Amino acid sequence: MKRTSTRLADGREILYYDADDGAARAVPDTRPLDASATSSEVRRDPLLGDAVVIASHRQGRTYHPPADACPLCPSTEGRASEIPAPDYDVVVFENRFPSLAGDTGRCEVICFTPDHRTSFAELDEERAALVLAAWTDRTAELSARAGVRQVYCFENRGTEIGVTLAHPHGQIYAFPFVTPRTTRMLATVAAHRARTGGNLFEEVLAAERAEGTRVVLEGEHWTAFVPYAARWPYEVHLYPHRRTADLTTLDDAARAEFPRLYLELLRRFDRLFGSSAPTPYISAWHQAPVSGVSEGAGVGGGVGGGQGGYAGQVAEVAGGRADFALHLELFTVRRTADKLKYLAGTESGMEAYMNDVRPEDAAARLREVASR
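Residues numbered from 1 in each chain as written. Predicted model: local features only at pLDDT ≥ 70, side-chain atom pairs only at ≥ 80, totals over all residues. Heavy atoms only, no water.

So, the overall build of the protein chain
Of regular secondary structure, the protein chain possesses 6 helices and 15 strands. Expressed along its principal axes, the backbone C-alpha trace of the protein chain runs to roughly 60 × 60 × 40 Å. Long-range pairs, those at least 24 residues apart, make up 66% of the contacts in the protein chain between residues at least 6 apart in sequence. Accessible surface, the protein chain as shown: approximately 16,700 Å² in total, 51% of it carbon and sulfur. In the protein chain, which carries 42 positive and 51 negative side-chain charges, the distance between the mean positions of the two groups comes to 3 Å. (Helix = DSSP H or I, 4+ residues; strand = E, 2+ residues; numbered from the N terminus. Contact = heavy atoms within 4.5 Å. Areas by Shrake-Rupley, 256 points an atom, 1.4 Å probe, with all protein chains shown as cover. Lys, Arg positive; Asp, Glu negative; His and termini not counted. Charge placed at Lys NZ, Arg CZ, Asp CG, Glu CD.)

As for the packing of aromatic side chains
We describe a pair of aromatic rings using the distance from one ring centre to the other and the angle between the two ring planes. Applying the stated rule across the entire model yields 19 aromatic pairs. Among the aromatic residues, those joined into a ring-pair cluster are Phe112, Phe120, Trp135, Trp222, Phe258, Tyr262 and Trp285. Above the face of the Tyr353 ring, Arg231 is positioned so that its terminal group lies 5.4 Å from the ring centre. (Phe/Tyr/Trp six-rings, centres within 6.5 Å; stacked < 30°, edge-to-face > 60°. Lys NZ or Arg CZ within 6 Å of the ring centre and 35° of its normal.)

As for the pattern of salt bridges
Two side chains that carry opposite charge are able to pair once their charged atoms sit near each other. Tallying each qualifying case throughout the model produces 38 salt bridges. Asp89 is paired through a salt bridge with Arg127; the nearest N and O atoms lie 3.4 Å apart. You can see Asp89 sitting in the loop between strand 4 (51–54) and strand 5 (90–94) and its partner Arg127 sitting in helix 1 (residues 125–143), a full 38 residues away along the chain. We note that Asp89, like Arg127, is buried. A salt bridge links Asp246 to Arg321; the nearest nitrogen and oxygen atoms lie 3.0 Å apart. Of this pair, Asp246 sits in the loop between strand 11 (234–240) and helix 4 (252–271) while Arg321 is found in the loop between strand 12 (281–286) and strand 13 (327–332), placing the two residues 75 residues apart along the sequence. Its relative accessible area of 5% is what places Asp246 among the buried residues. (Salt bridge = Lys/Arg side-chain N within 4 Å of Asp/Glu carboxyl O. Buried < 20%, exposed > 50% of the residue type's maximum accessible area, 1.4 Å probe, protein only.)

Here's the deal with helix 4
The terminal C-alpha atoms of helix 4 lie 30 Å apart, and with 20 residues this matches the ideal 28 Å at 1.5 Å per residue to within 8%. At Phe258, helix 4 shows its maximal bend, which comes to roughly 40°, and the proline Pro259 appears one to four places after that position. The set of residues buried in helix 4 consists of Ala254, Glu257, Phe258, Pro259, Leu261, Tyr262, Leu263, Glu264, Leu265, Leu266, Arg268 and Phe269. Here helix 4 starts with a cap whose side-chain oxygen sits 3.3 Å from the backbone nitrogen of Ala253, and that cap is Asp251. (Expected span 1.5 Å × (residues − 1). Bend = angle between axes of the 7 residues up to and from the residue. Polar contact = N/O pair within 3.5 Å; in protein donor to acceptor, adjacent residues only side chain to side chain.)

Digging into the environment of Val290
For Val290, the location among the structural elements is in the loop between strand 12 and strand 13. Separated by 85 residues in sequence, Val290 and Leu205 place their C-alpha atoms 23 Å apart. For Val290, the contacting residues outside a window of four places in its chain are Ser143, Val148, Arg149, Gln150 and Arg321.

Comments concerning the nonpolar core
A general trend in soluble globular proteins is that nonpolar side chains are found buried together. Membership of the largest hydrophobic core comes to 51 residues, with the highest contact counts inside it found for Ile110, Phe120, Trp135 and Trp285. Among the elements that line this core, the one with the most residues is helix 4, at 8 residues. In contact with Phe120, other than residues within four places in its own chain, are Phe112, Ala128, Val131, Trp135, Glu155, Tyr262, Leu263, Leu266 and Tyr281. Judged by nonpolar contacts, the second largest core, of 14 residues, contains Leu8, Leu72, Val91 and Phe93. (Core = buried A, V, L, I, M, F, W, Y, C linked by side-chain atoms within 4.5 Å.)

Section: the environment of Arg358
Considering the arrangement of structural elements, one finds Arg358 in the loop between helix 5 (345–350) and helix 6 (359–368). Relative accessible area serves as the criterion here: at 47%, Arg358 is assigned to the partly exposed category. Each C-alpha atom, one on Arg358 and one on Arg12, is 46 Å from the other, the two residues being 346 residues apart in sequence.

Things to note about the packing of helix 2 (residues 180–196) against helix 3 (residues 200–211)
It is the contact of helix 2 with helix 3, at a shortest axis distance of 9 Å, that shows an interaxial angle of 90°. Relative to helix 3, helix 2 is oriented roughly perpendicular. Contact residues: Met185, Thr188, Val189, His192 and Thr196 in helix 2; Leu200, Phe201 and Glu203 in helix 3. A breakdown of the residues in the contact of helix 2 with helix 3 according to their chemical character gives 4 nonpolar, 3 polar and 1 charged. (Axes fitted to C-alpha atoms, helices over the stretch in contact; angles between N-to-C directions. Parallel < 35°, antiparallel > 145°, perpendicular 65-115°, else oblique. Nonpolar A, V, L, I, M, F, W, Y, C, P; charged D, E, K, R; others polar.)

Here's the deal with helix 2
Over its 17 residues, helix 2 runs 24 Å from end to end, which matches the ideal 24 Å to within 8%, given 1.5 Å per residue. When helix 2 is considered as a whole, its buried residues turn out to be Thr182, Met185, Leu186, Val189 and His192. For helix 2, the angular spread of buried residues about the axis comes to 125°, placing them on one side. Opposite the buried face of helix 2, by more than 90 degrees, sit the exposed residues Arg184, Ala194 and Arg195. Those residues of helix 2 that are buried lie in contact with strand 7 (150–157), helix 3, strand 12 and strand 13. Just downstream of helix 2, Gly197 is the residue with a positive phi angle, here 85°. (Arc of directions from axis to C-beta.)

See below:
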């Protein structure tokens, strides 16, 4: 893999990842761009302890441009985009409208292919492996930045999810705090360790593999299963068999097998409902915090914001990296060919999820649509 780092006209970093070591991508950005202006702020909910990002500057971000004005396609003569090069394999650049920037973290866009009309599921295994290498490289580099507590690589796909750019792409967030979901997971895992001496992630994976009814796809180094208490109509968790904290410590065997299994999962999602419409989904890598110390440090707290805050602002993250298990969660908001799963009042208001599809039935359907 060849990595080329250069700058856009407004100073943002752009990185090209190429399978060909001879690829030349350091093309200047000739657009007359002003420096990006951001106003990100992280506040702490005084009752829940959750961090909330305030990013009012994002109201003016690009919204559903026509295909011939896509900012994620390569630049052509007469039309300059966010990517100055006329072609690329995989590219990562700092978001022009970031939720997190400067002292509050960093947001990057990752484009999986220059082809506007395709999707991740239609990539070949070599390109999917290159995306995995880019995710890993960004996790390593962003994790080393001062103030970063967690790196999150994800893809939102489909207008039903809220995607505003149709080009196949994902995002990478470097958070200055450990996210609420991860904090809750770590607390549960730490309590289990204290009570039983075992690792809860490992026990969940072993139980699903042994029981089998919710297993969707299994390789030599990975297993994909619908979780016992799935929140979404079709939700799959993909775990490496050897527990590891994040993408940087994934072993070579698991890294080599991942593209084939992941592409098969995405293709099954597209066949779920028997229609030509692509299935909307969120694909999310859950990685361990960068460290297990002071996850709230530097985050504004208290009613009305401000720095400092309340007693729980600087809290130890129970368990830290030692007990965490890297895994990917893939789910869709579609529950039938013509119906979406909207978050109801119980879910949006109280986080009490109600699933219309039995996890065992979802797993059976995902096995049924396997590639022949």
